[in-house]
Amino acid sequence: MRIKIAIFSCIVFNITVVFAQSGGKSIYEFLNVPTNARAVSLGGFASAIADSDVLVSTYNPAYIDEGLLGKLGLSYMDYFGDMKMTTAAYAFKVKKFGVILPSIQYFSYGKFTETDEYNNTLGEFNPYDVAINFGASKKLANLLTGGVNLKFIHSNMYQWKSFGVGADASISYYNPDKKFAACFMLRNVGTQIKKYRKDNVEPFPTDVQLGISKKLAKAPFRLMVNAYNLNTWDLQYENPNFPKQTVDPLTGDTIKENKWEGYADNFMRHIALGLEFVPSRNFNVRVGYNYKIRQEMKVATKTAMVGFSWGFGVRVNRFYLSYGRGIQHLSGAKNVFTISTNINDFIKS
């Protein structure tokens with residue numbers, strides 16, 4: 001059997017083969033992959049940005065507003081190996097419901113070769129995940145808005161197929177005078193309607209998040225802090241192949257555990273930081289840092305820039321183009337290209 005088949009089997013049955021990482025306990029993990037260049041370049045999150053960005057609003061439905069009307073966003077991610085993700089979103093208005101933001105995420109795992117036990121080629125197959133989302137928001141108070149995303153998910157893993165229904169819920173605060181935004185989100189709550197296997201119950205990748213952003217009054221910078229996986233406090237993982245030393249090999253003395261150091265490490269595994277340089281509405285530069293990615297994916301002998309990310313956005317005529325690069329490991333990074341425009345601008349002209 002080819003190596004790809006072995007890798008694919010790990011994906012289907014959620015086998016965690018990288019001992020340094022937490023995770024691998026939920027289905028539909030593609031729902032947590034950032035869908036646009038802006039989020040990727042800001043450490044993987046852009047949840048507390050209230051500037052009518054159509055693709056950011058697919059992630060946080062509380063920021064869906066009339067400023068999105070007619071906006072179309074397209075995103076393409078070159079993930080790892082042959083894996084790719086494409087995202088599309090378009091906002092329009094419906095009477096009695098207000099602004100509706102449908103979107104679609106398509107995650108392809110690439111082309112696999114099917115062989116038998118004698119290595120005879122039987123054919124090829126293309127596993128994929130797809131989610132169709134519908135988002136809407138409602139004003140709760142003067143500066144407070146609530147939003148909901150409804151998700152219909154289909155997963156096709158060759159002979160194993162699944163269908164599920166999920167939702168996101170968020171409450172966001174935005175003060176335009178102080179240019180301060182904050183949000184609380186409950187993401188990916190749902191259930192499987194059709195399981196991969198009848199006797200196998202698998203949970204959704206539910207995530208509780210908090211996010212804040214602040215654009216400085218006298219400088220063209222926006223600072224962002226995002227806290228995620230708040231529903232699971234302990235994100236640390238001890239590799240059983242390399243257990244922590246409890247005895248000093250030279251003196252034989254017991255090594256005292258630094259609880260504050262462990263607490264700080266676990267706390268930071270929930271934090272992603274982002275910074276935008278925004279000199280004008282036509283151009284910006286972004287950088288980000290994700291502590292958890294760095295701790296889980298770095299190589300001890302050469303940490304390099306693992307966990308860091310960067311990108312930029314530029315307006316060209318009626319189109320806004322963005323690029324984001326997130327460095328996941330020494331062996332590679334994810335690259336995302338995003339383009340957005342307002343269809344109404346073409347109709348008016």
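Residues numbered from 1 in each chain as written. Predicted model: local features only at pLDDT ≥ 70, side-chain atom pairs only at ≥ 80, totals over all residues. Heavy atoms only, no water.

Caption draft 1: Inspection of the pattern of salt bridges at higher detail. Applying the stated criterion to the full structure yields 13 salt bridges. Ionic pairing is found between Asp-51 and Arg-38, a salt bridge with its closest N-O pair at 2.8 Å. Taken together, the residues span a long stretch of sequence, with Asp-51 in the loop between helix H2 (37–41) and helix H3 (54–59) and Arg-38 in helix H2 at a distance of 13 residues. Close ionic contact of Glu-66 with Lys-93 constitutes a salt bridge, the shortest N to O distance being 2.6 Å. Of this pair, Glu-66 sits in the loop between H3 and strand S1 (71–78) while Lys-93 sits in strand S3 (residues 92–94), placing them 27 residues apart in sequence. One connected set of salt bridges, linked through shared partners, spans Arg-38, Asp-51, Asp-53, Arg-222, Glu-276 and Arg-286. (Salt bridge = Lys/Arg side-chain N within 4 Å of Asp/Glu carboxyl O. Helix = DSSP H or I, 4+ residues; strand = E, 2+ residues; numbered from the N terminus.)

Caption draft 2: Highlighting the nonpolar core. Counting 21 residues, the largest nonpolar core has Tyr-28, Phe-30, Met-77, Phe-107, Tyr-109 and Ile-153 as its most contacted members. At the level of elements, H2 and strand S8 (144–157) are the ones that each hand at least two residues to this core. Look past the residues within four positions of Ile-153 in its chain and what remains in contact with it is Tyr-28, Phe-30, Leu-31, Val-130, Ala-131, Ser-162, Phe-163, Gly-164, Gly-166 and Phe-204. Core analysis: the next-biggest nonpolar cluster, separate from the first, contains eight residues, Leu-68, Ala-89, Val-99 and Leu-101 among them. (Core = buried A, V, L, I, M, F, W, Y, C linked by side-chain atoms within 4.5 Å. Buried < 20%, exposed > 50% of the residue type's maximum accessible area, 1.4 Å probe, protein only. Contact = heavy atoms within 4.5 Å.)

Caption draft 3: Broad picture of the pairing of strand S14 (residues 283–290). Looking at chain direction, strand S13 (residues 271–280) and S14 are connected through seven bridges and run antiparallel. In the strand pairing of S14, Ala-272 is matched with Asn-290. As defined by bridge partners, S14 adjoins strand S15 (residues 308–316) across seven bridges and the pair is classed as antiparallel. In the strand pairing of S15, Phe-283 is matched with Val-314. (Pairing = 2+ DSSP bridges.)

Caption draft 4: Fine view of the environment of Gly-135. Topologically, Gly-135 is positioned in strand S7 (residues 128–139). Judged by its relative accessible area of 2%, Gly-135 falls in the buried class. Expressed as a C-alpha distance, the spacing of Gly-135 and Ile-64, which sit 71 residues apart in the sequence, is 7.7 Å. The residues contacting Gly-135, other than those within four sequence positions of it, are Ile-64, Val-99, Ile-100, Leu-101, Val-148 and Asn-149.

Caption draft 5: Focus on the layout of surface pockets. Empty space within the second largest pocket amounts to approximately 760 Å³. When residues of the lining of the second largest pocket are traced back to their parent elements, those giving at least two are H3, strand S10 (180–194), strand S11 (207–215), S13, S14, strand S16 (319–329) and strand S17 (332–342). With four residues, S17 is the largest single contributor of residues to the lining of the second largest pocket. (1 Å grid on protein atoms, 1.4 Å probe; cavity = no way out; pocket = protein on both sides within 12 Å on 5 of 7 lines; lining within 4 Å. Points joined across faces, edges and corners; volume = space filled by probe spheres on them.)

Caption draft 6: Quick peek at empty space enclosed by the protein. Under the criterion given, the structure shown has two cavities of 30 Å³ or more. In terms of residue class, the lining of the largest cavity is made up of four nonpolar, five polar and three charged. By volume, the second largest cavity amounts to about 60 Å³. Lining the second largest cavity, in full, are Pro-34, Thr-35, Asn-36, Ala-39, Gly-44, Phe-45, Ala-46, Val-56 and Tyr-59. (Nonpolar A, V, L, I, M, F, W, Y, C, P; charged D, E, K, R; others polar.)

Caption draft 7: The packing of aromatic side chains, seen in detail. Following the criterion strictly, the structure yields 19 aromatic pairs and no others. Note on Phe-107 and Tyr-109: the rings are 4.9 Å apart at their centroids and 50 degrees apart in plane angle, and the pair reads as tilted. We note that Phe-107, like Tyr-109, is buried. Taken together, Tyr-79, Phe-80, Phe-107 and Tyr-109 form an aromatic cluster joined through their ring pairs. (Phe/Tyr/Trp six-rings, centres within 6.5 Å; stacked < 30°, edge-to-face > 60°.)

Caption draft 8: Main features of a nonpolar patch on the surface. A surface patch of nonpolar side chains, about 580 Å² in accessible area, is lined by Ile-104, Ile-132, Phe-134, Leu-150, Phe-152, Phe-163 and Ile-193. Mapped onto the nonpolar patch, the elements with two or more residues apiece are S7 and S8. Note on placement: Phe-134 falls in strand S7. (Patch = residues over 30% accessible without salt bridge, like charges linked within 9 Å, V, L, I, M, F, W, Y side chains within 5 Å. Areas by Shrake-Rupley, 256 points an atom, 1.4 Å probe, with all protein chains shown as cover.)

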